[in-house]
Amino acid sequence: MAHNNKTWYEKAVFYHMYPLGMTGAPKQNIETEAESRFGELNLWIPHIKSLNCSAVYIGPLFESSTHGYDTRDYKLVDRRLGTNDDFRTFVRLCHEQEIRVVVDGVFNHTGRDFFAFRDICENRESSPYRNWYRGVDFGRNSPMGDPFGYESWHGIWELPCLNLYNQEVKNYLLDTVRFWVREFDIDGIRLDCANVLDFGFMKELREKTSAMKPDFWLMGEVIHGEYNRWVNPEMLHSVTNYELHKALYSGHNDHNYFEIAHNVRRLEAVGKSLYTFVDNHDEDRIASKLNHPANLFPVYQLLFTLPGIPSIYYGSEWGIEGKRSRTSDEVLRPALTLSGMDGKAPELISHIAALGKIHVEHDAFHSGSYKELLLTNRQYAFSRSGENGTLISAVNNDEQPASISIPLPCAASDVVSLLPGEIPFSLENGRLSVTLPANGGAIFKLQEV
């Protein structure tokens, strides 16, 4: 497959925006008018570009009552963020910078203010929507005092589960996707709770969206399970790689690179297409998870050089901290302004931007083959080989510099170091000798013979 035939998502580096949080929007949606916060969100686009990200995952966006996942209207941008026109402008500005836009599709459940749910509350058995939700039972009341019982997501009664076996519901949701593609020219959807969505629905979604836009990307939120059940030619292009996410922080905290390498080997079959991340809107910030903040450097290097489609969660490029409490995720979704972050964590920002550039420029990191070359508890080196050559990524989670000798995966006449900074290395007898910095790493491009 020639380099330029790869889809945009195979080559992508994502930037993940949680707009209700980052703009400091009100927690409850009681507004009568739309209040535009997109002026603020638009300012992030040049920053995203400067990190060498080529795609944005922004969500949730649909009109909702509180945190964004209790949808009230699937065809309206949340009025706390602005109007449909404001979002249309945001997408256009992203596209002008060659940044693709992916939004959240919350199709497993709605909020209680969604029209179909309200109709059942009012009209009970005579509601035309009585089969739109799972487990509707007029013989009992819900804990919220509704005149019927229903299935909710994880026992959260504010989130009644849609009945995706009902073709009317499926048609409604497919029509919603069609609307977002037609009206805003979005490039993909991240399916909330994909691990519990009906497979038949996802197959239909794949078929229909491919017809709407040939390179439309479907990514699912899947926490546990065999990822290839979801990622295949009939269903989704990608799912969230929670396994690697867990290995990336614990492998550093425990000085155990075997955990990470084992994980990569296990996911060999689907690894290249998985959506990889070190934190997100549901997980503690990576800077709060690591015992040694200096390990942010090798962690991000692995994120950008291991198989997968890397993603940065807004704010983490400055190493901000945040730990969820038992009752709230709000601290993971703080209000931030670019001007307020100016001058913070310059080394980490420039490291991430450099990794982004390397990832974008070398097709071996998009879907190239992976080969483990060296593995100890504290040092790890592997190669990625693509159409346009082979690269080696080597990391060190020790507080001291480490001198290692890496066997080359192919014959090479020379190597070039790609990360900024002086890295001492030499090439002889088919081995690359290199001294890795403490809590750091190196990336080399081989000049093949």
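Residues numbered from 1 in each chain as written. Predicted model: local features only at pLDDT ≥ 70, side-chain atom pairs only at ≥ 80, totals over all residues. Heavy atoms only, no water.

Undergrad: Outline the overall build of the protein, supporting the account with residue identities and numerical values.
TA: A tally of regular secondary structure across the protein gives 15 helices and 20 strands. Across its three principal axes, the protein shows a C-alpha extent of roughly 80 × 45 × 40 Å. Counted over contacts in the protein with a minimum sequence separation of 6, partners at least 24 positions apart contribute 70%. Summed over all atoms, the accessible surface of the protein reaches about 17600 Å², with 49% contributed by carbon and sulfur. Separation of charge centres in the protein, based on 44 positive and 59 negative side chains, amounts to 3 Å. (Helix = DSSP H or I, 4+ residues; strand = E, 2+ residues; numbered from the N terminus. Contact = heavy atoms within 4.5 Å. Areas by Shrake-Rupley, 256 points an atom, 1.4 Å probe, with all protein chains shown as cover. Lys, Arg positive; Asp, Glu negative; His and termini not counted. Charge placed at Lys NZ, Arg CZ, Asp CG, Glu CD.)

Undergrad: Lay out the packing of helix 12 (residues 296–305) against helix 14 (residues 346–361) in plain terms, naming residues and giving numbers.
TA: At a minimum axis distance of 10 Å, the contact between helix 12 and helix 14 shows a crossing angle of 20°. Taken together, the axis directions place helix 12 and helix 14 in an arrangement best described as roughly parallel. Considering how the two elements wind past one another, helix 12 and helix 14 form a crossing that is right-handed. Mapping the contact onto sequence places Leu296, Phe297, Tyr300, Gln301 and Phe304 in helix 12 and Glu347, Leu348, His351, Ile352, Leu355, Gly356 and His359 in helix 14. Across the contact of helix 12 with helix 14, the residue classes break down as seven nonpolar, four polar and one charged. (Axes fitted to C-alpha atoms, helices over the stretch in contact; angles between N-to-C directions. Parallel < 35°, antiparallel > 145°, perpendicular 65-115°, else oblique. Left-handed = near helix turned anticlockwise from the far one by under 90°. Nonpolar A, V, L, I, M, F, W, Y, C, P; charged D, E, K, R; others polar.)

Undergrad: Outline the pairing of strand 20 (residues 440–448), listing residues and values.
TA: Across six bridges, the pairing between strand 15 (residues 389–396) and strand 20 is antiparallel. Counted as the bridge partner of leucine 391 is lysine 445 from strand 20. The sheet contact formed by strand 17 (residues 412–417) and strand 20 spans five bridges and is antiparallel. Within strand 20, the position partnered with valine 415 by the bridge is leucine 446. (Pairing = 2+ DSSP bridges.)

Undergrad: Tell me what's going on with the state of the cysteines, and back it up with residues and numbers.
TA: For the structure shown, the criterion picks out zero disulfides. As a non-bridged cysteine, cysteine 53 has cysteine 94 as the owner of its nearest cysteine sulfur, 11 Å distant. Here cysteine 161 is not disulfide-linked; the sulfur of cysteine 193 is the nearest cysteine sulfur, at 8.2 Å. (Disulfide = S-S within 2.5 Å.)

Undergrad: Would you mind going over the environment of glycine 111 in detail, with residue names and values included?
TA: As for its position among the elements, glycine 111 is in the loop between strand 5 (100–105) and helix 6 (115–123). Taking the C-alpha atoms as reference points, glycine 111 and aspartate 73, separated by 38 residues in sequence, lie 9.1 Å from one another. Leaving out residues up to four positions away in the same chain, glycine 111 has contacts with Asp70, Thr71, Phe117, Tyr133, Glu158 and Pro160.

Undergrad: Tell me what's going on with the pairing of strand 1 (residues 14–17), and back it up with residues and numbers.
TA: What you see with strand 1 is no split at all: Phe14 and His16 on one side and Tyr15 and Met17 on the other are buried throughout. For strand 1 and strand 12 (residues 309–313), the ladder comprises three bridges, and the chain directions are parallel. Bridge pairing in strand 12 places tyrosine 15 opposite isoleucine 312. Pairing of strand 1 with strand 2 (residues 55–58) involves four bridges; the strand directions are parallel. Paired with histidine 16 across the strands is tyrosine 57, a residue of strand 2. (Buried < 20%, exposed > 50% of the residue type's maximum accessible area, 1.4 Å probe, protein only.)

Undergrad: Give me the sheet that holds strand 14 (residues 379–386): which residues, what numbers.
TA: As summarised here, the arrangement of the five strands in space is 13-14-15-20-17, forming an open sheet in which the pairing is antiparallel. In this open sheet, the two strands that pair with only one neighbour each are strand 13 (369–375) and strand 17. Neighbour-to-neighbour, the strand axes of this sheet turn through a mean angle of 25°, independent of strand direction. Across the sheet, helix 10 (residues 257–266) lies against strand 13, strand 14 and strand 15, angled at about 155° from strand 13, the strand it touches most.

Undergrad: Please provide a residue-by-residue account of the nonpolar core, values included.
TA: Core analysis: the biggest nonpolar cluster contains 128 residues, and Phe14, Met17, Phe87, Phe90, Ile260, Tyr300 and Tyr380 have the highest contact counts within it. With nine residues, the top contributor of residues to this core is helix 7 (residues 167–184). (Core = buried A, V, L, I, M, F, W, Y, C linked by side-chain atoms within 4.5 Å.)

Undergrad: Outline the pattern of salt bridges, supporting the account with residue identities and numerical values.
TA: Counted by the stated rule, this structure contains 36 salt bridges. Between aspartate 137 and arginine 140 there is a salt bridge; the shortest N-O distance is 3.1 Å. The salt bridge involving arginine 266 is made with glutamate 243; its shortest N-O contact spans 2.6 Å. One end of the pair, arginine 266, is in helix 10; the other, glutamate 243, is in helix 9 (residues 242–253), and 23 residues separate them in sequence. One connected set of salt bridges, linked through shared partners, spans Arg100, Asp185, Asp187, Lys213 and Asp215. (Salt bridge = Lys/Arg side-chain N within 4 Å of Asp/Glu carboxyl O.)

Undergrad: Kindly report on the sheet that holds strand 1, identifying the contributing residues and their values.
TA: The strand order 10-9-8-5-2-1-12-11 describes an open sheet built from eight strands, whose pairing is parallel. The two strands at the open ends of the sheet, each matched to only one other strand, are strand 10 (238–239) and strand 11 (275–277). Along the sheet face, helix 12 touches strand 11 and strand 12 and points at about 140° away from the line of strand 12.

Undergrad: Let's hear about the environment of phenylalanine 38: which residues, and what values?
TA: In this structure, phenylalanine 38 sits in helix 3 (residues 38–42). On the basis of relative accessibility, which here comes to 1%, the residue phenylalanine 38 falls in the buried class. Placed 330 residues apart in sequence, phenylalanine 38 and glycine 368 show a C-alpha to C-alpha distance of 37 Å. Among residues more than four places away in sequence, those in contact with phenylalanine 38 are Leu61, Val77, Leu81, Gly82, Asp86, Phe87 and Phe90.

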